[in-house]
Amino acid sequence: CLIKNCTFTNTSFDAAYLVGTRVTMEGCTFTGIGGWDVIHFGGADLVVQDCTFKDNPYIVYSPSADVWENLSAVPYSNVIFQRNFVSNFAGALAVQKGSGTSTGLQIKNNIFVDAGRMVLTHPNTSVTNNTLVRVARNQSVVVARADHPTYVNETAAATGVTVQNNVFYDCGESASAN
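Peer 1: What is the right way to read the confidence of the model for the protein from this model?
Peer 2: Low pLDDT marks stretches whose predicted atomic positions should not be read closely. Chain-level pLDDT for the protein is 80 on average; 78% of the residues reach the 70-or-more range. Element-level mean pLDDT values for the protein span from 66 in strand β10 (residues 94-95) up to 94 in strand β1 (residues 2-4). This stretch, residues 59-63, has a pLDDT under 50; its non-local contacts, to residues over four places away or in other chains, come to 13 contacts.

Peer 1: Mind showing me how you'd approach unusual backbone geometry here?
Peer 2: Excluding glycine, residues mostly carry a negative phi; peptide bonds, for their part, are mostly trans. Positive phi outside glycine occurs at N129, with the angle close to 60°. When you line up the elements, N129 lands in the loop between β14 (126-128) and β15 (131-135). Of note, R134 is a non-glycine position whose phi angle comes to about 50°, a positive value. In this structure R134 comes out as partly exposed when scored by relative accessible area, which is 30%.

Peer 1: Is there a simple way to think about a nonpolar patch on the surface in this case?
Peer 2: Taken together, the side chains of F13, Y17 and V19 define a hydrophobic patch exposed on the protein surface, amounting to about 280 Å² of accessible area. Structurally, V19 is set in strand β3 (residues 16-26).

Peer 1: I tried to follow the pairing of strand β9 (residues 85-89) on my own but got confused; where do I start?
Peer 2: Remember that side chains alternate between the two faces of the sheet whenever the strand is regular. Relative to β9, strand β6 (residues 52-56) is paired through 4 bridges, and the arrangement is parallel. Among the inter-strand pairings, F53 is bridged to a residue of β9, identified as V86. With 4 bridges joining them, β9 and strand β12 (residues 111-115) adopt parallel strand pairing. The partner of S87 across the bridge, within β12, is V113.

Peer 1: Can you help me understand the nonpolar core in this one?
Peer 2: One recurring pattern in soluble globular proteins: nonpolar side chains tend to sit buried together. Ranked by size, the top nonpolar core spans 34 residues in total, and within it M25, F30, I39, F41, F53 and W68 carry the most contacts. Top contributing element to this core by residue count: strand β5 (residues 37-49), with 5 residues. When neighbours within four sequence positions are excluded, M25 is seen to be in contact with I3, F8, A16, L18, F30, I39, V47, V48, Q49 and C51.

Peer 1: Please clarify how the pattern of salt bridges should be interpreted in this entry.
Peer 2: Opposite charge on two side chains lets them pair, provided their charged atoms get close. Applying the stated criterion across every chain yields a total of 3 salt bridges. Across the pair E26 and K4 runs a salt bridge, and its minimum N-O distance is 3.5 Å. Note that E26 is positioned in strand β3 and K4 in strand β1, a separation of 22 residues in sequence. For K4, a relative accessible area of 43% gives the class partly exposed.

Peer 1: I keep staring at the sheet that holds β15 and nothing clicks. Help me out?
Peer 2: Picture the strands of a sheet paired through backbone hydrogen bonds; they go either parallel or antiparallel. Here we have 7 strands laid out as an open sheet, ordered β2-β4-β6-β9-β12-β15-β18, and parallel in their pairing. In this open sheet, the two strands that pair with only one neighbour each are β2 (7-9) and β18 (167-169). Pairwise comparison of adjacent strand axes, ignoring direction, gives a mean angle of 5° for this sheet.

Peer 1: How do you make sense of the state of the cysteines when you look at a structure like this?
Peer 2: Two cysteines whose sulfur atoms are joined by a covalent bond form what is called a disulfide. Using the criterion set out here, one finds 0 disulfides in the structure. Not part of a disulfide, C1 finds its nearest cysteine sulfur in C6, a span of 9.8 Å. Judged by its relative accessible area of 62%, C1 is exposed. Left without a disulfide partner, C51 is nearest to the cysteine sulfur of C28, which lies 4.7 Å away.

The rules we used
- Residues numbered from 1 in each chain as written.
- Predicted model: local features only at pLDDT ≥ 70, side-chain atom pairs only at ≥ 80, totals over all residues.
- Heavy atoms only, no water.
- pLDDT = per-residue confidence, 0-100.
- Helix = DSSP H or I, 4+ residues; strand = E, 2+ residues; numbered from the N terminus.
- Contact = heavy atoms within 4.5 Å.
- Buried < 20%, exposed > 50% of the residue type's maximum accessible area, 1.4 Å probe, protein only.
- Patch = residues over 30% accessible without salt bridge, like charges linked within 9 Å, V, L, I, M, F, W, Y side chains within 5 Å.
- Areas by Shrake-Rupley, 256 points an atom, 1.4 Å probe, with all protein chains shown as cover.
- Salt bridge = Lys/Arg side-chain N within 4 Å of Asp/Glu carboxyl O.
- Pairing = 2+ DSSP bridges.
- Core = buried A, V, L, I, M, F, W, Y, C linked by side-chain atoms within 4.5 Å.
- Axes fitted to C-alpha atoms, helices over the stretch in contact; angles between N-to-C directions.
- Disulfide = S-S within 2.5 Å.

Structure below.
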C-alpha cells in the first residue's frame, strides 16, 4: 500500500492507522491533528518518509499526543521513520507501548524542532543521524520537560537500542529549572 503526497489537517482524531505489511507513507503533511497520536502503527515492513509534522498542539487527549506510536495489540517489525521534519509538536516524538514483543524500529535522518522527548521501550530500536533542536525543553499539558531528550527504558525491554550520530542542540531541561 502506498499513501503519497497527502495533507491531513485539523482532524478530530488520529490522522492514520498504518497496520499491515509493506505499507509506505511518503511526502505527506500533518498539521493540527486532534487525536491521541498522529500515526498509530503495527505490522511489518512499514515506512514513513519525507513527511512533515507541524503545529500540533495538545488538543484532545491526555496524557499523550505523540507523533507516532505503535498499537500495543499489534506487534511490529522492520518499521522505518526517515527524512521527516517535526516542528512545534506538543507531544512525544516516538512512543513504544505494549509488552516489548515488537522489534526493529528505525528512526533515522529526521529533524525534530520544539517537540517532546523520544521514549524507547522495545528491543533493537535504532535512532541514528537525526537532528534534535529544543527537544524535551518545554513543558506542556501533555509532556513535562525532561532532563534528557531521549529516554531508553531497559526495564521495559529496550535492549539492543542504538542511539548514535545524532545532533542534540539546546535539548532537555531539569525539572527544577525556572
